[in-house]
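Here's the letter readout for the chains.
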Amino acid sequence: MRFGYFLLLISLLLQLQHNVSLFPGNIVNHYYLNKQRFLLEMLHHLHEPLLHEQWLGLGQQIVTDKSQYVHYNYHMVQFYQLLSNGRLLPRDVYYNPQQPEHYQQTLGLFHFFYNTREWSTLRQNICWARIFVNPGLFLYALMQTLMKRDDYRALIVPKIYELLPAPYYDEQLVHTAISFNFANQVWENETESKLQKSKQLLPLNLDGELRNTSKWSEAMSEVQILSLKPNEEAKGLALLTEDPGWRAYWYSINMATSLIEEPQETERLRDWWYWQLSQLLARYKLERYGQRIEYRRLLESEKLKTSKTRTWLYQRYGDKSEDIAEQLKKWEFKVEEALATGSYQLSNGSTIDLSHGQNWQIGLTELFPYDLNQLQLHFKFPKEPQQLLDLHTMLGDHKFYTFADRILRFYRAYRAAFQPDYTQQIKPTEMQLLQVQVSPLITYEESVDFDISNLLHTRHFYFDNQFVWPQTLQVRRQRLQHQPFTINFQLESNKTQSIILRTFLTTAGGDLHEEPFYQLDAFLTVLHAGNNTITRESVDFAGTVGDHLSFTELYHYVRLAERDEFDFPLNITIPSCGFPRRLLLPQGDMKQPLAMRLFVLATPYNFKARQEQELICDFSNGVSSWDELPFGYPFERQLEEESEFLGENALFQAVEIVHEDRSSLTKQ
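Conventions we followed
- Residues numbered from 1 in each chain as written.
- Predicted model: local features only at pLDDT ≥ 70, side-chain atom pairs only at ≥ 80, totals over all residues.
- Heavy atoms only, no water.
- Helix = DSSP H or I, 4+ residues; strand = E, 2+ residues; numbered from the N terminus.
- Rg over C-alpha atoms; globule rule 2.2 N^0.38 Å.
- Buried < 20%, exposed > 50% of the residue type's maximum accessible area, 1.4 Å probe, protein only.
- Contact = heavy atoms within 4.5 Å.
- Lys, Arg positive; Asp, Glu negative; His and termini not counted.
- Charge placed at Lys NZ, Arg CZ, Asp CG, Glu CD.
- Polar contact = N/O pair within 3.5 Å; in protein donor to acceptor, adjacent residues only side chain to side chain.
- Pairing = 2+ DSSP bridges.
- Axes fitted to C-alpha atoms, helices over the stretch in contact; angles between N-to-C directions.
- Core = buried A, V, L, I, M, F, W, Y, C linked by side-chain atoms within 4.5 Å.
- pLDDT = per-residue confidence, 0-100.

Attention shifts here to the overall build of the protein chain. Summing up its helical and strand segments, the protein chain has 18 helices and 19 strands in all. Computed over its C-alpha atoms, the radius of gyration of the protein chain comes to 25 Å, within 12% of the 26 Å expected for a compact globule of 668 residues. For the protein chain, the spread of C-alpha atoms along the principal axes amounts to about 75 × 65 × 55 Å. Relative to its full complement of 668 residues, the protein chain shows a buried share of 60%. Look at the contacts in the protein chain between residues 6 or more apart in sequence, and 82% of them connect residues 24 or more apart. Taken together, the 64 basic and 81 acidic charged side chains of the protein chain have centroids lying 3 Å from each other.

Have a look at this one:
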């Protein structure tokens, strides 16, 4: 009995750790606040020239004293040579890290940030880069540094759709925002009907009660809030694909998994990345299923209505998807040849037998890179902006999902052909899943404010050459949300044992090899001899996060804390690499409930769980896992027989999702 309680304690600690921020409960000091304010001021209107006199004076030169760096490496030498020869990427050129020359400059600037010994050196280099370096390259290198340096990871970077809003919203809305004359509070060549003054930001119910409180009113007391209505609300499938949180999640995890020089457990990181890709694809297919659109086989020729967007430089995106599709066919031929012959010719010219030892892992490494910057090994990308290749906009393009579907089919076929048998036991003994009960699954649309202040001209934020932030521009739009729900698991066990419960959401029926399985949750629990009831709340699902403070609010909370009028906690905002919890469920149906199923699978716990920090975008030591099974098990490969995972440890449960009209409650 004591042993069982000990296991339960371990389980609870792991569950609690999974969804909290980096330093829960800690209050920051003025040294931290000064750094945080500096960072926010550097990122404010980063696509425009810097006007802040203090930081302009500090940033006239990059630090060249090699003693100020822990390492002064080859990448830094190459970068400085390009700088000396005037060959750095111009500020007005579209930045794409998948271009080899852009990527090399990114490595150089990243090391000029990352290798600094002192904060003063890093601060000067940040100021210099903010003034003289291409904004896209600057932001990429800076975010990589803050993600990968332990001593700076606590600094908060606003969400990417707040820093560079343009790619996340339709071009008409962006044009309206950049045409705004704040001084006169009028729109140039636009009607005023789209603009509203507001005294609050939505949603009100942030974790930590950071909105709709006296401290929030104090922090925002001198800020004028203007809310802009979009020209057209997203509907149907676009509620998912045009959601800034959906797109930003993909951006963040790809930023975090790149530029890792010596990654730990590379193969597990690769498994995790392809699992994330499969998760996004499965979730997209479930949304199509809910919209009564064909979801099993995605066609490249399908035309879907999408909003037109532009780059953060306001350039139009091109469409060379046919060229990309042709290159994808050549890659598929390589994989097919490897599957047919059981061998593969490596990039160094040698040929390996994929069935021998760990050679299958070597082939997996070359054929299936997880760092998108390494795709240049297989593909030649156009230099002009492409929506399909831009991390900001990829998930808004239907062709992304069609290409992902093709890649994942080959990925699973490769694993099924060469992956060895699992090294751990996969079915618990002396237990049975009896029943699963789910509270009502209800989706609805709610109004929410997104901070697009960075679209305003930077001149609106300077008075007598001093930086001020007296106003904010928000876009109030509808988004998909769901009511929190509860899952109760009924299990019977003949002994005390610990297990992992994995819960998937799938369609109401069909061939299991063709249906999408989206993993909602996985957690560790302890069974005692006899009947067991395990309760799991959706707000506790692993890897998911709620809503966050806006860029404007964050800055004014920092200023309030600098005046010693607010205790600024280190977990004031949410991790950037957490999945938006509100997007767990596809939109239900108002006329007829959407029929779906939960698939629940129990596997033994082998005491090899590990807690890492991928939720805060730190992949330096690998990724969290409950066991040694591949991520997405058992759907990480093509299944030979359905009976492989059906038994007393597995259960399907029919569920329904209802969509409610709560517009009268959420539109304010």
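Attention shifts here to unusual backbone geometry. Glycine aside, residues mostly have negative phi angles, and peptide bonds mostly take the trans form. A cis amide bond links Leu-202 with the next residue in sequence, Pro-203, at an omega value of 0°. With a phi close to 60°, Asp-564 is a non-glycine residue in the positive phi region. Following the sequence through the fold, Asp-564 ends up in the loop between α17 (551-562) and β17 (579-580). What makes Asp-564 exposed here is its relative accessible area of 60%. The phi angle at Phe-607 is positive, at roughly 60°, despite the residue not being glycine. Note that Phe-607 resides in the loop between β18 (594-604) and β19 (650-660).

Bringing the side chain of Gln-276 into the picture now. When you line up the elements, Gln-276 lands in helix α13 (residues 266-290). Given the relative accessible area of 7%, Gln-276 is considered buried. A polar contact of 2.4 Å, which involves the side chain of Gln-276, links it to the side chain of Tyr-249. Apart from the residues within four sequence positions on either side, Gln-276 is in contact with Tyr-249 and Ile-253.

Here strand β13 (residues 497-507) lies mainly inside the structure; 11 of its 11 residues are buried. Examined bridge by bridge, β13 and strand β14 (residues 518-527) share 9 bridges and lie antiparallel to one another. Of the residues in β14, the one forming a bridge with Leu-505 is Tyr-518. Where β13 lies against β18, 9 bridges are found, and the strand directions are antiparallel. Across the sheet, the residue bridging to Ile-499 is Pro-604, located in β18.

Read from one edge to the other, the open sheet built from 3 strands follows the order β7-β12-β15, with strand pairing classed as antiparallel. For this open sheet the edge positions go to β7 (431-438) and β15 (530-537), each flanked by a neighbour on one side alone. Mean inter-strand twist for the sheet, computed between neighbouring axes without regard to direction, equals 20°.

Moving on, we get to the nonpolar core. Counting residues in each nonpolar core, the largest one holds 184 residues, and the members touching the most others are Leu-43, Trp-250, Phe-368 and Phe-568. A per-element tally of this core places α13 first, with 12 residues. In this view, Phe-568 contacts Asn-26, Ile-27, Val-28, Tyr-32, Leu-33, Ile-156, Leu-554, Tyr-557, Val-558 and Ala-561; residues no more than four positions away in its chain are not counted. Ranked by size, the runner-up nonpolar core spans 9 residues in total, among them Phe-517, Leu-601, Phe-635 and Ala-650.

Our focus in this paragraph is the confidence of the model for the protein chain. Averaged over the protein chain, the pLDDT score is 88; the fraction of residues at 70 or greater is 91%. Taking the mean pLDDT of every element in the protein chain, the minimum, 42, falls on helix α1 (residues 2-18) and the maximum, 98, on helix α6 (residues 119-132). Confidence drops under a pLDDT of 50 for residues 1-24, and excluding neighbours within four residues, the segment shows 44 contacts in the predicted structure.

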